[in-house]
Amino acid sequence: MNRVFIVMLFAVTVTLEGIIMPALFGIRENFLTVIFLVALIVTYGTPAWVLGYGTVMAFIAEWFQGFYPGSLVMAWLLAAWAWYVMTEFLSIQPFRESPRTNIIGHTIAGLVLFSIVGSGFIGIEYLLYDRMITPAVLVSISRMPRIALFIAAAFAAYIMLLGSRRRQLFRYG
Amino acid sequence: MKNGGTKLLVTVTIVAALLIFFNVVVLKRVRMAYAPASGERASLFNIAGQVHEFFGYVAMWHDLAQKNKDLTSALQQNLVDKAALESLKTENESLRKALGLSSTMNREIIAAGIFNLDLAPDGYSALINKGSKDGVVAGDVVVSPDGVLVGRIAAVSDGSSHITLSADPSFKITVSVLGGSVSGIAHGALSDGMTLDLIVQADDIKEGDVLVSTGDDMSPAGLVVGTVSNVQASDTQLFKKVKVRPAFDPKNGRVLVVKQ
């Protein structure tokens, strides 16, 4: 049931990013799908089911949005690796497993992973597929306070949404 | 990482890397641009766009309504400002004339406004908005800013004064024909304006002659009193009957009080 909720949330995210936000608000680049996928890691960590769901969802998202194959999947896997390293060497736990919920700390961790996904995606598209998308794009995005605030707020919202199902997920996880 | 997550992560990463390698090297960078359900997406996008446009119009109408309200308010304010400006302009003009009149007559002048006009059958009078506080005293002569005789102060209170207009039967003034040698005493005759007394049959006076004050009484000299409107001569009578049309128009609300 709760994984159905995650799938539904993913579908809503893709619809929001692809149709609702550009059409209603004129916002075409909102990174909602990437934020959702990263929030999945920050909230649940990287157990097998998260890796499975995340990989499939990343594949669907890049297929839906017309990216080159593997660019988003590999970038997301890079974030999963980064999370793995962070949990190994830093005192950080997934949001649902933290004894004390710290939304600000997990949002910051999410922003770090987001930058890794962004860098990985741009690197793959630029280096392997010769697409004219450069690291300057990521730098210019990070310099826009409104976009950075939006991304941080979206992270917090996704983590809260996904984390609110913690008890039921323990049962399945 | 639990439940074999590490192995899966390694495996998935390797598989993804191989797929990318395969796509780059073998398939020569095939792009995943399948655009699933593009027709439905386009329709949804179109509907959402129309909704956005509708709300844009609603916002625009709201803005227009607000702008209309602001402009109406600004227009009202402009009308108030314009009225104040007109008033100031009239007052300024009146004061300029008063200043000129004051220097001509060599007397002190007080600018005032008529706020009540009483043209009753038993007498013509008016009230002005200046009284004893402003220095007005009974007997002062009231003229228009152009130097036309209006009347004389009959009674004074603190903030207002009562004027006997020149057409009132109790009003009298010595006048002479402008440019002539005929002189007499003009007094009020209500709706007939004024009449000129003591004009003998031999005196040369005709309709259209302008009468001005002589200054032989308490009034200043040189005030325009009126124009001769009718002359009746008769050999059987000693004096001519002369009617005078007063020059002052009571509709002109601004007057000057000439201090004695």
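Provided above is the structure to which this section pertains.
Residues numbered from 1 in each chain as written. Chains lettered and ligands numbered in written order. Predicted model: local features only at pLDDT ≥ 70, side-chain atom pairs only at ≥ 80, totals over all residues. Heavy atoms only, no water.

Student: What exactly am I supposed to notice about the sheet that holds strand β4 (residues 149-156) of chain B here?
Tutor: By way of backbone hydrogen bonds, the strands of a sheet pair with one another, either parallel or antiparallel. Residues and elements named next belong to chain B. Spatial strand order, β1-β2-β5-β4-β3-β12: six strands in a closed barrel with antiparallel pairing. Recorded for the sheet is a direction-independent mean angle of 40° between the axes of neighbouring strands. Pairing between strand β1 (residues 109-120) and strand β2 (residues 123-128): six bridges, direction antiparallel. Residue pairing for β2: A120 is matched across the bridge by G123. (Pairing = 2+ DSSP bridges. Helix = DSSP H or I, 4+ residues; strand = E, 2+ residues; numbered from the N terminus. Axes fitted to C-alpha atoms, helices over the stretch in contact; angles between N-to-C directions.)

Student: Sorry if this is basic, but what is going on with the side chain of H187 of chain B here?
Tutor: Residue and element names in this part refer to chain B. Secondary-structure assignment places H187 in strand β7 (residues 183-188). A polar atom in the side chain of H187 sits 2.7 Å from the side chain of D197. H187 has contacts with S166, F171, K172, M194, T195 and D197, leaving out every residue within four places of it along the chain. (Polar contact = N/O pair within 3.5 Å; in protein donor to acceptor, adjacent residues only side chain to side chain. Contact = heavy atoms within 4.5 Å.)

Student: What should I look at first to understand the sheet that holds β7 of chain B in this one?
Tutor: Spatial strand order, β6-β7-β8-β11-β10-β9 (chain B): six strands in a closed barrel with antiparallel pairing. In this sheet, adjacent strand axes meet at a mean angle of 40° when their direction is disregarded.

Student: I'm lost on the environment of S191 of chain B in this one. Help?
Tutor: Residues and elements named next belong to chain B. With respect to the secondary-structure elements, S191 resides in the loop between β7 and β8 (194-197). By relative accessible area, S191 is classed as exposed at 67%. A sequence separation of 113 residues divides S191 from N78, and the C-alpha atoms of the two residues are 42 Å apart. (Buried < 20%, exposed > 50% of the residue type's maximum accessible area, 1.4 Å probe, protein only.)

Student: I tried to follow the packing of aromatic side chains on my own but got confused; where do I start?
Tutor: Each pair of aromatic rings is reported with the distance of its centres and the angle of its planes. Residue and element names in this part refer to chain A. Taken as a whole, this structure holds 11 aromatic pairs over all chains when the rule is applied. With a centroid separation of 4.8 Å and 65° between ring planes, the pair formed by F67 and F121 is classed as edge-to-face. Remark: F121 occurs in helix α5 (residues 103-128) and F67 occurs in the loop between α3 (48-65) and α4 (71-89); sequence separation between them is 54 residues. Classification of F67 as buried rests on a relative accessible area of 15%. Consider the rings of Y68 and Y129, whose centres lie 4.3 Å apart with planes at 5°: the pair is stacked. Of the two residues, Y68 is situated in the loop between α3 and α4 and Y129 in the loop between α5 and α6 (135-142); the sequence distance between them amounts to 61 residues. With relative accessibility at 12%, the residue Y68 sits in the buried group. Members of the aromatic cluster, each reached through a chain of ring pairs, are F10, F36 and Y158. (Phe/Tyr/Trp six-rings, centres within 6.5 Å; stacked < 30°, edge-to-face > 60°.)

Student: How do you make sense of the side chain of N23 of chain B when you look at a structure like this?
Tutor: Turning to its location among the elements, N23 of chain B is positioned in helix α1 (residues 5-26). Ignoring sequence-local partners within four residues, the contact set of N23 of chain B consists of P69 and Y129 of chain A together with K28, R29 and V30 of chain B.

Student: It is not clear to me how the nonpolar core should be interpreted in this structure. Could you clarify?
Tutor: Core analysis: the biggest nonpolar cluster contains 59 residues, and F36, L72 and L113 of chain A have the highest contact counts within it. Those elements that place two or more of their residues in this core are α1 (2-25), α2 (32-44), α3, α4, α5 and α7 (145-163) of chain A together with α1 of chain B. Beyond its immediate chain neighbours, meaning those up to four positions away, F36 of chain A contacts I6, L9, F10, T13, M57, Y158 and L162 of chain A. Among the nonpolar cores identified, the runner-up in size contains 24 residues, and V141, L149, V242 and V258 of chain B belong to it. (Core = buried A, V, L, I, M, F, W, Y, C linked by side-chain atoms within 4.5 Å.)

Student: Sorry, what's going on with the environment of I147 of chain A here?
Tutor: All names here are of chain A. Following the sequence through the fold, I147 ends up in helix α7. A relative accessible area of 25% means that I147 is categorised as partly exposed. For I147 and G118, which are 29 residues apart along the polypeptide, the C-alpha to C-alpha distance reads 14 Å.

Student: Can you walk me through the pairing of strand β5 (residues 161-165) of chain B in this structure?
Tutor: Residues in a regular strand point their side chains to alternate faces of the sheet. Residue and element names in this part refer to chain B. Most of β5 is tucked away: four of the five residues are buried. In this structure, β2 lies alongside β5, joined through four bridges in antiparallel fashion. Bridged to A126 within β5 is I163. Linking two consecutive strands that pair antiparallel, namely β4 and β5, is a turn of four residues.

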